[in-house]
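# Structural overview
Here are the chains, one letter per residue:
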Amino acid sequence: ENAQKGLEHLMQGLEKVTKGEFDLGGIFGTTQTKETTLPISVGEGKKLRIENPLGDVRVSTGFDRGTARASAKFRGGTAEELKAKADAYNLILEESDHEVVIRQPDVAGLHVDLDVQLSAGAEVDIRCESGDVLVLDTKAPARVNSRSGDVRLKGLTGLIEIVNASGDVAVEDSAGSLQIENKSGDLMIRRFSGTLSARTASGDVRLQEVSGKAVAVESVSGDVKVELEEPVTGTVSLRTVNGDTHLLVPDGSD
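Conventions adopted
Residues numbered from 1 in each chain as written. Predicted model: local features only at pLDDT ≥ 70, side-chain atom pairs only at ≥ 80, totals over all residues. Heavy atoms only, no water. Salt bridge = Lys/Arg side-chain N within 4 Å of Asp/Glu carboxyl O. Helix = DSSP H or I, 4+ residues; strand = E, 2+ residues; numbered from the N terminus. Buried < 20%, exposed > 50% of the residue type's maximum accessible area, 1.4 Å probe, protein only. Polar contact = N/O pair within 3.5 Å; in protein donor to acceptor, adjacent residues only side chain to side chain. Contact = heavy atoms within 4.5 Å. Patch = residues over 30% accessible without salt bridge, like charges linked within 9 Å, V, L, I, M, F, W, Y side chains within 5 Å. Areas by Shrake-Rupley, 256 points an atom, 1.4 Å probe, with all protein chains shown as cover. Lys, Arg positive; Asp, Glu negative; His and termini not counted. Charge placed at Lys NZ, Arg CZ, Asp CG, Glu CD. Pairing = 2+ DSSP bridges. Core = buried A, V, L, I, M, F, W, Y, C linked by side-chain atoms within 4.5 Å.

## Regarding the pattern of salt bridges
A complete count under the given rule lists 16 salt bridges for this structure. Where Lys46 meets Glu95, a salt bridge forms, and the shortest distance between an N and an O atom there is 2.6 Å. A residue pair is termed long-range when its members are at least 10 positions apart, and Lys46 in the loop between β1 (31–39) and β2 (47–51) and Glu95 in strand β5 (residues 92–95) qualify at 49 residues. Note on Lys46: relative accessible area 19%, which makes it buried. Since its relative accessible area comes to 55%, Glu95 is described here as exposed. Ionic contacts of the salt-bridge type, sharing partners, join the residues Arg152, Lys154, Glu172, Asp173, Arg190 and Arg191 into one network.

## Considering the side chain of Arg49
Note on placement: Arg49 falls in strand β2. Here Glu51 takes part through its side chain, which lies 2.2 Å from a polar atom of the side chain of Arg49. The contacts of Arg49, once residues within four sequence positions are left out, are Glu99, Val100, Val101, Ile102, Asp125 and Arg127.

## Thoughts on a negative patch on the surface
Where like charges cluster on the molecular surface, the negative patch consists of Glu35, Asp56, Asp113, Asp132, Asp150, Asp168, Asp186, Asp204, Asp223 and Asp244. Mapped onto the fold, Asp244 is located in the loop between β18 (235–242) and β19 (245–248).

## What about the pairing of strand β3 (residues 57–61)?
Looking along a regular strand, one sees side chains alternate from face to face of the sheet. Counting buried positions over the 5 residues of β3 gives 4, a clear majority of the element. As judged from the 5 bridges shared by β3 and strand β7 (residues 110–118), these two strands associate in the parallel manner. Considered in β7, the bridge of Arg58 is made with Asp115. Strand direction decides the pairing type here: β3 and strand β9 (residues 133–136), joined by 4 bridges, are parallel. Bridged to Val57 within β9 is Val133.

## Focus: unusual backbone geometry
Unlike most non-glycine residues, Arg191 shows phi in positive territory, near 50°. Considering the arrangement of structural elements, one finds Arg191 in strand β14 (residues 187–202). Since its relative accessible area comes to 33%, Arg191 is described here as partly exposed.

## As for the nonpolar core
If you look at the biggest cluster of nonpolar residues, it comprises 52 residues, and the most contacted ones within it are Leu48 and Val116. The residues touching Leu48, leaving out its near neighbours within four places in the chain, are Ile40, Val42, Val100, Ile102, Val116, Leu118, Glu123, Val124 and Asp125.

Here it is in C-alpha cells:
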C-alpha cells in the first residue's frame, strides 16, 4: 500500500513538471521576470485572503499606505512565449463586502514571490502549494494552509490555525487560540499565551515561555520540550511515540 501511494505521488509530481507547475529552481529552460505593484486597502472588519500556489508570501503592517508587490517569474517554453506571458501577466485583486482577495492567474510555469504591506492589521487567510509564509505584527487572527515551505508568524492575536505538510513552523509573541497540524518539520513556539494544540508526525517540538489554560502536544517522531512560563491552572498533555520529552513546570502549579 505504501509503495502504491509513493507511486501515485511520483506520478502527480511528474504531471506537475510537464505542466510547468513545479519549481525546478530555474535548472531547465529559460526564464522571464516581471515586477508588479498594486495599491491595497483592507477595511475594518474585512479579511485578507491570499492564494499564491508557487512562491513566498510575506504580510506585514505599519506602513503609510498599503501595497501588494508581486515578483513573477515564468519558466518553460521559448523566449518569445515567456515574454508574451510576462507582458500579459497581472496580479488579480478582488474585493467584496467581507474580504479582499489576492490571487494569481492560471498560467503554467508561474512562480510569484508576494510582498503585502498593510497600513493597519487585518485577519489573513493564506493558501499556497509551495513557498515560505511570513506574517508579522497583524494583531489579528490568521489561517495558513501550505503543502511545502516554512511558516513563521509573529505578533498575532485571536484564532491562529496552521496546516502544513512539509516545513518548519514558528509562532512568536502571539496570544489567543493556536492550532497547528504539521506532517514533517520542527515546531517552535515562543512567548505565547492562550490555548495551544500542536500535532506533528515528524519533527522536534519546542515551546518556550508559554502560558495558557490548556496545552496539548502530540508527536509521532521527535523530541518534545515544553517550558511553561506561568503555573498550570488547567491541563497539560504531552504525547510522543518516538522521542524524548522534557517538561518544565513552574512552582505553584495545580
